[in-house]
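# Structure at a glance
Here is what each chain is made of, one letter per residue.
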Amino acid sequence: QILGFQFTSTGCVACPLLSANIKQIQSDFPNRLVAVSFHQHFSASDRDPMTHPMTATYYQKLFSQGLPQFNANFINDNDYKVVSGYDQVVNILDRVEENYPVTCGVAIESGVVVGDSGNKVSVRVKITSNTPSAYRYQIFLVEDKIEEYQAGEGGGYLHNNVVRVVSSDNIYGADF
């Protein structure tokens, strides 16, 4: 699967198109794209309540300005970045598969531990590869169906793939 980075904001009227296209691509090509949606403040007057502390760090590494933005697999090359078009995103996914072949397999075991002082998520990651290399990992905890205002859509809009927690404060993740 390819990891798609979506950069968005509740104050961006063009951003719902990228969200709709990601959802459609996931429907048209099952198990091809996993999306993480990083929300950021659009302006001084629009304070997006879903902004994560790592949003600015990821955004600055990949883009210079503007929303919405999409990137595949954190590849910092303009050929793997697009604003929001369905065909453009699919073309990027095709290029990733052609130019960046899979070199490892990942298995994830996760569960929720319910407790009196709050719930916790436990995650166990396993990796295997026939290609000798050093690997890094980053775990994103995302939330779907967050009902919140969205410019151009109004109140009650459902936001999906919203990044809530990352496992490392290093944008490249941790050494495996």
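As shown above, the structure is provided for reference.
Here we take up the overall build of the chain. The secondary structure content of the chain amounts to three helices and 12 strands. Relative to the 2.2 N^0.38 estimate, which gives 16 Å for 176 residues, the radius of gyration of the chain is 17 Å and therefore close to what a compact globule would have. Overall size of the chain, expressed as C-alpha extent along the three principal axes, is 50 × 45 × 30 Å. Residue pairs at least 24 apart in sequence account for 58% of intrachain contacts in the chain once pairs closer than 6 positions are excluded. By element, 49% of the accessible surface of the chain is carried by carbon and sulfur atoms, the whole surface being about 10100 Å². Across the chain, the 12 positively charged side chains and the 18 negatively charged ones have centroids separated by 6 Å.

To continue, consider the side chain of Gln 40. Along the chain, the position of Gln 40 falls in the loop between strand S2 (33-39) and helix H2 (55-62). Ignoring sequence-local partners within four residues, the contact set of Gln 40 consists of Thr 8, Ser 9, Asp 48, Thr 51, Thr 55, Tyr 59 and Leu 67.

Attention shifts here to helix H1 (residues 15-28). Its 14 residues place the ends of H1 20 Å apart at the C-alpha level, agreeing with the 20 Å of an ideal helix rising 1.5 Å per residue. Residues Cys 15, Pro 16, Leu 18, Asn 21, Ile 22 and Ile 25 constitute the buried set of H1.

The nonpolar side chains of soluble globular proteins are, as a tendency, buried together. Phe 5, Phe 7, Phe 38, Tyr 58 and Phe 140 are the most contacted members of the largest nonpolar core, which totals 17 residues. Of all the elements in the fold, those that place two or more residues in this core are strand S1 (2-8), S2, H2 and strand S11 (162-166). Looking at this core element by element, the count peaks at three residues for H2. Not counting residues up to four positions away in its chain, the partners in contact with Tyr 58 are Phe 5, Phe 7, Phe 38, Phe 74, Gln 138, Phe 140, Asn 170 and Ile 171. Ranked by size, the runner-up nonpolar core spans 16 residues in total, among them Tyr 80, Val 89, Leu 93 and Val 96.

Here we come to a nonpolar patch on the surface. Taken together, Val 106, Ile 108, Val 112, Val 114, Val 121, Val 123, Leu 141 and Val 165 make up a surface patch of nonpolar side chains, about 720 Å² in accessible area. Secondary-structure elements contributing two or more residues to the nonpolar patch are strand S5 (105-113) and strand S6 (120-128). No other element matches S5, which puts three residues into the nonpolar patch. With respect to the helices, strands and loops of the structure, Val 121 is situated in strand S6.

Moving on, we come to the side chain of Ser 37. Inspection of the secondary structure puts Ser 37 in strand S2. When its relative accessible area of 2% is taken as the criterion, Ser 37 is described as buried.

Right, let's talk about the packing of aromatic side chains for a bit. Tallied over the full model, the rule gives 15 aromatic pairs. Aromatic side chains Phe 5 and Tyr 58 sit 5.6 Å apart centroid to centroid with 35 degrees between the ring planes, which places their arrangement in the tilted category. Here Phe 5, found in strand S1, pairs with Tyr 58, found in helix H2; they are 53 residues apart in sequence, far enough to count as distant. Comparing Phe 5 with Tyr 58, the two get one shared label, buried. Pairing Phe 5 with Phe 140 gives two aromatic rings, centres 6.0 Å apart and planes at 90 degrees, and the pair type is edge-to-face.

Among all residues save glycine, negative phi is the norm, and among peptide bonds the norm is trans. Omega for the bond connecting Leu 67 with Pro 68 falls within 30 degrees of zero, at -10 degrees, which places this linkage in the cis form. Looking at the secondary structure, you find Pro 68 in the loop between H2 and strand S3 (69-72). For Phe 74, which is not glycine, the phi dihedral falls at a positive 60 degrees. Among the secondary structure elements, Phe 74 is positioned in the loop between S3 and strand S4 (81-82). Using a relative accessible area of 17% as the deciding quantity, one classes Phe 74 as buried. Phi angles above zero are rare outside glycine, and Asn 161 is one such case at about 60 degrees. Looking at the secondary structure, you find Asn 161 in the loop between strand S10 (154-159) and S11. You can call Asn 161 buried: its relative accessible area is 14%.

Calculation rules
- Residues numbered from 1 in each chain as written.
- Predicted model: local features only at pLDDT ≥ 70, side-chain atom pairs only at ≥ 80, totals over all residues.
- Heavy atoms only, no water.
- Helix = DSSP H or I, 4+ residues; strand = E, 2+ residues; numbered from the N terminus.
- Rg over C-alpha atoms; globule rule 2.2 N^0.38 Å.
- Contact = heavy atoms within 4.5 Å.
- Areas by Shrake-Rupley, 256 points an atom, 1.4 Å probe, with all protein chains shown as cover.
- Lys, Arg positive; Asp, Glu negative; His and termini not counted.
- Charge placed at Lys NZ, Arg CZ, Asp CG, Glu CD.
- Expected span 1.5 Å × (residues − 1).
- Buried < 20%, exposed > 50% of the residue type's maximum accessible area, 1.4 Å probe, protein only.
- Core = buried A, V, L, I, M, F, W, Y, C linked by side-chain atoms within 4.5 Å.
- Patch = residues over 30% accessible without salt bridge, like charges linked within 9 Å, V, L, I, M, F, W, Y side chains within 5 Å.
- Salt bridge = Lys/Arg side-chain N within 4 Å of Asp/Glu carboxyl O.
- Phe/Tyr/Trp six-rings, centres within 6.5 Å; stacked < 30°, edge-to-face > 60°.

None of this, on its own, says anything about what the molecule does.
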